[in-house]
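Tertiary structure, described
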Amino acid sequence: MRALLLILALASAGPVSALAAEPADLPALERAWHTCVRQAYDRQPEQGSRPSRERNALDECKGQEDAYVYALMATRPDDADAHMGGWARTWAAYVAFVVDPVKAWIEALRR
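To keep things clear, this report deals only with the structure shown in the data block. (Residues numbered from 1 in each chain as written. Predicted model: local features only at pLDDT ≥ 70, side-chain atom pairs only at ≥ 80, totals over all residues. Heavy atoms only, no water.)

Comments concerning the pattern of salt bridges
Inclusion rule: A pair is scored as a salt bridge if a Lys or Arg side-chain nitrogen falls within 4 Å of a carboxyl oxygen belonging to Asp or Glu. Counting from the N terminus, the helices are DSSP H or I runs at least four residues long and the strands are E runs at least two residues long. Exposure categories follow from relative accessible area, calculated using a 1.4 Å probe and restricted to protein chains: below 20% of the type maximum is buried, above 50% is exposed, and the middle band is partly exposed.
Here the structure, examined in full by the defined rule, presents five salt bridges. With a closest N to O distance of 3.0 Å, Arg50 and Glu54 form a salt bridge. Of this pair, Arg50 and Glu54 both sit in helix H3 (residues 50–60), four residues apart, which is roughly one turn of that helix. Relative accessible area serves as the criterion here: at 33%, Glu54 is assigned to the partly exposed category. Salt bridges sharing partners connect three or more residues here, namely Lys62, Glu65 and Asp66.

Written as structure tokens, this is what we have:
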């Protein structure tokens, strides 16, 4: 009985550990999702509106989209503050956009 349980445990652990260790092929997942959406859109009836056909095609391919997004998110670092770098750059660019002309104008008045 123990041998059977050990074999079942090893058999069930094999694919999970292989998936966790092996990185996802992001371009292949993206192509699969786009192909699914194109094919699903082409199968939609012509009498429907374009937005309705697009929504239906996206709904039909939700599984591929979820797999692609999950793999994409898995490649990102787990750092919770990683997104702040983008916000900091955006804020600095905005401040420079506003402050630099005002600073130049004040310096011109001083001359």
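Now that the structure is up, let's keep going.
Let's talk about the environment of Ala57
The line we're drawing: Here, residues are in contact when the closest pair of their heavy atoms is within 4.5 Å.
Positionally, Ala57 belongs in helix H3. Contact partners of Ala57, with chain neighbours within four places excluded, come to Val37, Ala40, Tyr41 and Gln44.

Re the side chain of Arg53
Let me state the cut-off plainly: In protein, a polar contact means a hydrogen-donor-capable atom and an acceptor-capable atom, both N or O and within 3.5 Å, with residues adjacent in sequence counting only if both atoms are side-chain atoms; elsewhere, any N or O pair within 3.5 Å suffices.
Looking at where Arg53 falls in the secondary structure, it is placed in helix H3. Among the polar contacts listed, one links the side chain of Arg53 to the backbone oxygen of Tyr41, at a separation of 3.5 Å. The contact partners of Arg53, leaving out residues within four places of it in the chain, are Tyr41, Gln44, Pro45, Glu46 and Gly48.

Thoughts on a nonpolar patch on the surface
Put simply, the test is: Without a salt bridge and with relative accessible area above 30%, a residue can belong to a patch; like charges are then joined within 9 Å and nonpolar side chains (Val, Leu, Ile, Met, Phe, Trp, Tyr) within 5 Å. The Shrake-Rupley method, run with a 1.4 Å probe sphere, supplies the accessible areas, and residue values consider only the shown protein chains as cover.
A cluster of nonpolar side chains, Val102, Trp105, Ile106 and Leu109, forms an exposed patch at the surface whose accessible area comes to about 420 Å². One can find Leu109 in helix H5 (residues 84–110). Leu109 gets classed as exposed once you look at its relative accessible area, which sits at 56%.

Details of the environment of Asn56
Relative to the elements of secondary structure, Asn56 occurs in helix H3. Among the residues examined, Asn56 registers a relative accessible area of 34% and is labelled partly exposed.

What to know about the nonpolar core
Note the following rule: Buried residues of nine kinds, namely Ala, Val, Leu, Ile, Met, Phe, Trp, Tyr and Cys, make up a nonpolar core once their side-chain atoms join them within 4.5 Å.
In this structure, Trp33, Cys36, Val37, Ala40, Ala57, Cys61 and Tyr68 together form the largest nonpolar core, which totals seven residues. For this core, the leading source of residues is helix H2 (residues 26–43), giving four residues. When near neighbours in sequence (up to four residues on either side) are disregarded, Ala40 contacts Ala57, Glu60 and Cys61.

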